[in-house]
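Commentary on secondary and tertiary structure
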Amino acid sequence: SVEGVLAYSAICTHKGCTIKSWKKEERHLRCHCHLSEFAALSEGSVKSGPARGKLAMVPLALDDEGFVIATDGFTRKPGGKTK
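Attention here is on the structure that accompanies the text. The structure presented is a predicted model; accordingly, all values stated were derived computationally and were not measured. (Residues numbered from 1 in each chain as written. Predicted model: local features only at pLDDT ≥ 70, side-chain atom pairs only at ≥ 80, totals over all residues. Heavy atoms only, no water.)

Looking now at a nonpolar patch on the surface. Among the surface-exposed residues, V5, L62 and V68 lie close enough to one another that they form a single nonpolar patch of about 200 Å² accessible area. Position of L62 relative to the elements: it lies in strand β5 (residues 60-62). (Patch = residues over 30% accessible without salt bridge, like charges linked within 9 Å, V, L, I, M, F, W, Y side chains within 5 Å. Areas by Shrake-Rupley, 256 points an atom, 1.4 Å probe, with all protein chains shown as cover. Salt bridge = Lys/Arg side-chain N within 4 Å of Asp/Glu carboxyl O. Helix = DSSP H or I, 4+ residues; strand = E, 2+ residues; numbered from the N terminus.)

Structure representation (structure tokens):
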């Protein structure tokens, strides 16, 4: 993370659905297609549901002007099986 900012793919690693929810108390990202949950503060690891792989991340850094920027592409191929 950079300045508390994390960047993950919004494509679920189970069937490729779009992750659209945030569970504030648990700090989990949630996919409503099959109810997989991913821990935002644990590198996008799977916490529940049928998904088996953690979310792809985007490496971040601060540029010379103090802006958060992506330093590379995703850490792994985003998503999983297609719907």
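Here 4 strands make up an open sheet; going across it, the order is β1-β2-β3-β4 and the pairing antiparallel. Each edge of the sheet is formed by a strand with only one pairing partner; in this case those strands are β1 (21-23) and β4 (45-48). Strand-to-strand twist across the sheet, computed as the mean angle between neighbouring axes with direction ignored, equals 35 degrees. By the bridge criterion, 3 bridges tie strand β3 (residues 37-39) to β4 in an arrangement that is antiparallel. Along β4, the bridge assignment pairs E37 with S48. (Pairing = 2+ DSSP bridges. Axes fitted to C-alpha atoms, helices over the stretch in contact; angles between N-to-C directions.)

What follows is about the environment of E43. Mapped onto the secondary structure, E43 falls in the loop between β3 and β4. Separated by 12 residues in the primary sequence, E43 and L55 place their C-alpha atoms 7.5 Å from one another. Once you skip the residues sitting within four places of it in the chain, E43 turns out to touch Y8, K54, L55 and M57. (Contact = heavy atoms within 4.5 Å.)

Let us now look at unusual backbone geometry. In this structure, E3 is a non-glycine residue whose phi angle is positive, near 55 degrees. Inspection of the secondary structure assignment puts E3 in the segment before β1. Its identity is not glycine, yet L35 carries a phi of approximately 70 degrees, on the positive side. Relative to the helices and strands, L35 is located in the loop between β2 (28-30) and β3. Take L35: its relative accessible area is 43%, and that puts it in the partly exposed class. (Buried < 20%, exposed > 50% of the residue type's maximum accessible area, 1.4 Å probe, protein only.)

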